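Now for the letters of each chain:
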Amino acid sequence: MTATDLDESVSEDRKPGSTVASPAEMAREIARRRTFAIISHPDAGKTTLTEKLLLYGGAVQEAGAVKAKGERRRATSDWMKIEQERGISISSTALQFEYQGMQLNLLDTPGHQDFSEDTYRTIAAADNAVMLLDGAKGLETQTLKLFDVVKLRHLPLFTFINKMDRPSLGPLELLDTIEQTLKIKPCPMTWPIGSGDRFAGVYDRLDRTVMLFERSAGGANKATQTKIDDIMDPQLEGLISADLLAQLREELEILDSIVDPLDMAEVRAQRQTPVWFGSGYNNFGVQQFLDRFLELSQPPGARVSSLGEVAPSDGDFTGFVFKLQANMDPRHRDRIAFVRVCSGRFEKDMQVLHTRTGKTVRLSAPSKLFAQRRETIEVAYPGDIVGFVNPGAFSIGDTITTGRRLQYEGIPSFSPEFFNWIRNPNPSKQKSFRKGIDQLREEGAVQVLHSLSDFDQDPILAAVGQLQFEVVQSRLETEYGVEVAYEPLGYSVARWVAGGWPVADGMKGKLFNAM
């Protein structure tokens, strides 16, 4: 960290540096913040929806594309070379922007199951979850796994059913799938008017208005909208085909008789989920979702720590590290620690207690994050995601505070299922090889193991999914200038031995097909 001081150990009662905002200031800033993660199965359109939320939020002037062609800008959240080449999200990203007087902290997560650890860590920093579904496929495997994590974190769930401009399942069937599978009652906020190439718009069930859309070329710009204030307005008959209009009116009558009214207490208790329909690619229904989501989603709340719950309005600043990322800026090749602010007001150059080490750290280079881009900030409040240049001081799960020596709940780690020797064939690149392996290990991109044998000193990479190995190989080459080779190991399970090394040493020669 630029100008970071790692001072001597401090006592538990010492407050290294404290600044307290007024109760009115804290209440105002907390109330206007929304921190949320988007979860989905791969190819449900998560990166596209993220880009369109940035477009409607005014953070970008033109929406990028997952696989950009010609002069089209690439998606903001996919900044790594391998993400742009593959058209998939590999690393979670923080995107912070202002919209209608609100401070949004959008956490874009990888959808692929091989990067579940990064997604799980990011969900830990969120206050709300947006579940994105493909209208043609409904609930899919990875979405179900991530829903379980959202449930464990007690986050209210908001659902956006995407790709309604393509052949889709019936909207009533999609709602039934959500209720039967997740055991949570869906409450449609909007209702689709047609689907596939006949998808014409949505009906807002709260405002009781019809919103019709016209497609924009490539979906790079906002869709042209026509608002009709009454479902019985005669002019609708000239704008929507007769069969679609009759179907819409019939389905709305059915909904009014079978769907419970929206109850935010039930949403916060994870017994109900508001549902929107739309098309991220063509910008249909995106603004309706964004505006209502800001109204319904919850601001930062209390967080569980080793000393009990900590309210966001607490006078002491606290936060925890949920992600580390190396080489976001290729000009500096530094490492960034992503910190979720949990309580109090953060100020630049603040001294905090690093509770794991017991040392003080001066936080002198705080940044607001917008994917790969950074902007220096002076203050931050609960819900905000702040980036700090990290010279090795922080690890994932670390807590920092200006008050009592507390620790926030741990961030999960997964048992690997795939193992490879990683070889560096070029001895002149050994220093860069070691540096790359160490930094990627700190990020949690992969786990690093070592053999007890004196004959092989190369590290063993352990991963949850095979794609993690490809990412490490690509990043070592592009970010560290090292070309590596893999040799697969025939193991599928890694386990801690109860009792530690004394017990493990006593098991030598007694275990087969193990190392």
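Below is a summary of the structure that appears in this document. Bear in mind that the values here come from a model prediction, so they are computed numbers and not experimental data. (Residues numbered from 1 in each chain as written. Predicted model: local features only at pLDDT ≥ 70, side-chain atom pairs only at ≥ 80, totals over all residues. Heavy atoms only, no water.)

1. Quick word on the overall build of the protein chain
Let me state the cut-off plainly: Numbered from the N terminus, helices here are DSSP runs of H or I no shorter than four residues, and strands are runs of E no shorter than two. When a residue's accessible area, from a 1.4 Å probe over protein chains only, is under 20% of the maximum for its type it is buried; when over 50% it is exposed; and in between it is partly exposed. Contact definition: two residues touch when any of their heavy atoms are within 4.5 Å.
When its secondary structure is counted, the protein chain shows 12 helices and 28 strands. Looking at the protein chain as a whole, 56% of its 515 residues qualify as buried. Partitioning the contacts of the protein chain with sequence separation of at least 6, the portion at a separation of at least 24 is 71%.

2. Comments concerning the environment of Met164
The residue Met164 is located in the loop between β6 (157–162) and α6 (171–182) in this model. Taking the C-alpha atoms as reference points, Met164 and Ala136, separated by 28 residues in sequence, lie 7.9 Å from one another. Dropping the residues within four chain positions of it, Met164 is found in contact with Gly135, Pro192, Ser195, Gly196, Phe199, Phe277 and Gly278.

3. Brief notes about a nonpolar patch on the surface
The criterion, for reference: Patch construction takes residues with relative accessible area above 30% that form no salt bridge. Like charges are linked within 9 Å, and nonpolar side chains (Val, Leu, Ile, Met, Phe, Trp, Tyr) are linked within 5 Å. Note on areas: these come from Shrake-Rupley sampling with a 1.4 Å probe, and a residue is covered only by the protein chains present in the view. What counts as a salt bridge is simple: a side-chain nitrogen of Lys or Arg found within 4 Å of a carboxyl oxygen of Asp or Glu.
On the surface, Leu172, Ile254 and Ile258 cluster together to form a nonpolar patch covering roughly 240 Å² of accessible area. Within the fold, Leu172 resides in helix α6. Since its relative accessible area comes to 33%, Leu172 is described here as partly exposed.

4. Some points on the side chain of Gln103
In this fold, Gln103 is placed in strand β4 (residues 102–108). For Gln103, a relative accessible area of 7% gives the class buried. Excluding residues that lie within four positions of it along the chain, Gln103 makes contacts with Arg32, Arg33, Arg34, Gln96, Phe97, Glu98 and Asp384.

5. Examining the pairing of strand β25 (residues 418–423)
So the rule is basically this: Two strands make a pair as long as DSSP finds a minimum of two bridges between them.
Judged by how many residues are buried, β25 sits mostly within the fold: five of six residues are covered. The pairing of β25 with strand β27 (residues 460–463) spans four bridges and is antiparallel. Bridging across to β27, Phe419 finds its partner in Ala462.

6. Some points on the environment of Arg434
One can find Arg434 in helix α10 (residues 430–443). Excluding residues that lie within four positions of it along the chain, Arg434 makes contacts with His450, Gln457 and Pro459.

7. Concerning the pattern of salt bridges
Tallying each qualifying case throughout the model produces 26 salt bridges. Close ionic contact of Asp398 with Arg356 constitutes a salt bridge, the shortest N to O distance being 2.7 Å. Linking Asp398 in the loop between β23 (385–389) and β24 (399–401) with Arg356 in the loop between β18 (350–354) and β19 (359–363), this pair joins segments that are 42 residues apart in sequence. In this structure Arg356 comes out as partly exposed when scored by relative accessible area, which is 45%. As a salt-bridge pair, Arg423 and Asp458 come within 3.0 Å of each other at their nearest N and O atoms.

8. A short note on the packing of aromatic side chains
Selection rule: Two rings from Phe, Tyr or Trp (for Trp, the six-membered ring) form a pair when their centres are within 6.5 Å of each other. A pair whose planes differ by under 30 degrees is stacked, one over 60 is edge-to-face, and the rest are tilted.
Evaluation of the coordinates by the stated rule reveals 14 aromatic pairs. Both rings, one in Phe317 and one in Phe346, keep their centres 5.6 Å apart while their planes meet at 55°; by these two values the pair is tilted. Of the two residues, Phe317 sits in the loop between β14 (308–310) and β15 (318–326) while Phe346 sits in strand β17 (residues 346–347), which places them 29 residues apart along the sequence. Its relative accessible area of 1% is what places Phe317 among the buried residues.

9. Some details on the side chain of Glu140
Position of Glu140 among the secondary structure elements: in the loop between β5 (128–134) and α5 (141–152). Residues contacting Glu140, with those up to four places away along its chain left out, are His41 and Asp134.

10. Thoughts on the sheet that holds β25
Test applied: Inter-axis angles, ranging from 0 to 180 degrees, are taken between N-to-C directions of lines fitted to C-alpha atoms, where helices are fitted over the stretch in contact.
Within the open sheet, the four strands sit side by side as β26-β27-β25-β28. Their pairing is antiparallel. The open sheet terminates on both sides in strands that have one partner only, identified here as β26 (447–449) and β28 (485–489). The average angle at which neighbouring strand axes cross in this sheet is 35°, direction not considered.

11. Concerning the packing of α10 against helix α11 (residues 467–480)
Spelled out, the test is: Should an angle lie under 35 degrees it is considered roughly parallel, over 145 roughly antiparallel, and from 65 to 115 roughly perpendicular; all remaining angles are considered oblique. Note on convention: the crossing is left-handed when the near helix lies turned anticlockwise from the far helix by less than a right angle, right-handed when the turn is clockwise.
The N-to-C vectors of α10 and α11 enclose an angle of 125°; their axes lie 10 Å apart at closest approach. Taken as axis vectors, α10 and α11 run oblique relative to one another. The chirality of how α10 crosses α11 is right-handed. Note on element contacts: α11 touches α10 through Val472, Arg475, Leu476 and Tyr480, opposite Ser432, Lys435, Gly436, Ile437, Gln439, Leu440 and Glu443.

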